[in-house]
Amino acid sequence: MRSRVDVPRRPRYDRLVLRRAAALAIAIAALAPATAAADPRSNRIYLLPVGPVPALELGAVEGALAAFYAVELKRLPAIALPRSAYYRPRKRYRADKLLDHVESLELPSDGRTILAITAAPISITKGKAYDWGIIGYVAIGGEICAYSTYYVKQGLRDPARIRERIGKIAVHEFTHNLGLVHCKERGCLMEDAQGTPLTFDRVYDLCAACRAKIAKVGFRVRPAPTIPWPRPAKDAGPSDAYLKRIRRLWE
Ligand SMILES: [Zn+2]
Ligand SMILES: [Zn+2]
């Protein structure tokens, strides 16, 4: 069994990892140093497009965050994908180097979070695998987040479905930034994806327990948001048995 590790004074990172060959993802926890240059009392989120990001995707992120949180969203001018982060053998960008690059830039420091969003594939080292594709690279309780829509939209053609998944995962990743870890409540946006973005097809809202935790950290979550996606059918998304099976592949 994989387990989360608590180490004082260092934030936990949540990484939603996606293995390209199997087109499956896995959530893992690891440790990394904290980032600076943000104001935890601010309700401002800076969206930083890294490389070309379709307007539909930026809109999906903004719409979802604004639906759930009383936030002020500001788009920063897009930056180029950093060559220093490019990993040629897999044609992906290393998430840690990408964030190093973002942190080296002169960015506003009055926001709660800088959400670096890219449509390019990003990756990390996971165990023995040097380069694993991931979706999000988020400091839990931190101020910076890398979010790649590349694997999120794989297999989807309908713009409404793409918008839905991208929006749900944006809320999930930002809520990690607020300090929340995964939630056991089925259908909660903070459910552990357990290896696949398909899990987000069965989630809908933040559960009462997660809302209480968010209120406790002092961030304003809307009590009754106008949720910008339909309530999933009872059997939507992967079954628990399927998730267990793919999880075993990873352990
Ligand atoms: Zn997560
Ligand atoms: Zn929850």
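Keep in mind that this is a model prediction, so the values were computed, not measured.

Caption draft 1: Just the overall build of the protein chain, in detail. Across its full length, the protein chain holds five helices and 10 strands. A sequence separation of at least 24 residues applies to 71% of the contacts in the protein chain between residues at least 6 apart.

Caption draft 2: Broad picture of the pairing of strand 10 (residues 144–148). Burial analysis of strand 10 places five of its five residues in the buried class, the great majority of the element. Burial along strand 10 is two-sided: I144, A146 and S148 facing one way and C145 and Y147 facing the other are all buried. Looking at chain direction, strand 7 (residues 113–118) and strand 10 are connected through five bridges and run parallel. Each residue of the ladder has a partner; that of T118, found in strand 10, is S148. As judged from the three bridges shared by strand 9 (residues 129–139) and strand 10, these two strands associate in the antiparallel manner.

Caption draft 3: Fine view of the environment of E173. Mapped onto the secondary structure, E173 falls in helix 3 (residues 159–177). Residue E173 is classed as buried on the basis of its 23 C-beta neighbours within 10 Å. Sequence separation of E173 and I135 is 38 residues, and the distance between their C-alpha atoms is 9.5 Å. Discounting chain neighbours no more than four positions away, the residues touching E173 are G136, V138, C145 and Y147.

Caption draft 4: Spotlight on the packing of helix 1 (residues 55–68) against helix 3. Remark: helix 1 packs on helix 3, axes separated minimally by 8 Å, with the N-to-C direction vectors making an angle of 50°. Taken together, the axis directions place helix 1 and helix 3 in an arrangement best described as oblique. Seen along the crossing, helix 1 lies across helix 3 with a hand that is right-handed. Contacts from L56, E57, A60, V61, G63, A64, L65 and F68 of helix 1 reach helix 3 at P159, I162, R163, I166, G167, K168, A170, V171 and F174. When its residues are assigned to classes, the contact of helix 1 with helix 3 shows 12 nonpolar, two polar and three charged.

Caption draft 5: Just unusual backbone geometry, in detail. Although it is not a glycine, K91 sits at a positive phi angle of roughly 55°. Mapped onto the fold, K91 is located in the loop between strand 5 (86–87) and strand 6 (92–94). Given 10 C-beta atoms within 10 Å, K91 falls into the exposed group.

Caption draft 6: Layout of the environment of L56. When you line up the elements, L56 lands in helix 1. In the structure, L56 is positioned 106 residues away from I162 in sequence and 8.7 Å away in space, judged by C-alpha atoms. When neighbours within four sequence positions are excluded, L56 is seen to be in contact with P159, I162 and R163.

Caption draft 7: Expanded view of the confidence of the model for the protein chain. Per-residue pLDDT for the protein chain has a mean of 84; in total, 82% of the residues score no lower than 70. Under a pLDDT of 50 for its full length, residues 1–13 has, in the predicted model, 25 contacts with residues more than four places off or in other chains. Across residues 16–36, where pLDDT falls below 50, the model places 67 contacts with residues more than four positions away in sequence or in other chains.

Caption draft 8: Here's a closer look at helix 1. Between the first and last C-alpha of helix 1 there are 20 Å, a value that for 14 residues agrees with the 20 Å anticipated at 1.5 Å per step. Looking only at helix 1, the buried set comprises E57, A60, V61, A64, L65 and F68. In an axial view of helix 1, the angular spread of the buried residues amounts to 115°, which keeps them on one side of the axis. Considering only its buried residues, helix 1 is in contact with strand 3 (44–49), strand 4 (72–75), strand 7 and helix 3.

Rules behind the numbers
- Residues numbered from 1 in each chain as written.
- Chains lettered and ligands numbered in written order.
- Predicted model: local features only at pLDDT ≥ 70, side-chain atom pairs only at ≥ 80, totals over all residues.
- Helix = DSSP H or I, 4+ residues; strand = E, 2+ residues; numbered from the N terminus.
- Contact = placed C-beta atoms within 7 Å.
- Buried ≥ 20, exposed ≤ 12 C-beta atoms within 10 Å, placed from the backbone.
- Pairing = 2+ DSSP bridges.
- Axes fitted to C-alpha atoms, helices over the stretch in contact; angles between N-to-C directions.
- Parallel < 35°, antiparallel > 145°, perpendicular 65-115°, else oblique.
- Left-handed = near helix turned anticlockwise from the far one by under 90°.
- Nonpolar A, V, L, I, M, F, W, Y, C, P; charged D, E, K, R; others polar.
- pLDDT = per-residue confidence, 0-100.
- Expected span 1.5 Å × (residues − 1).
- Arc of directions from axis to C-beta.

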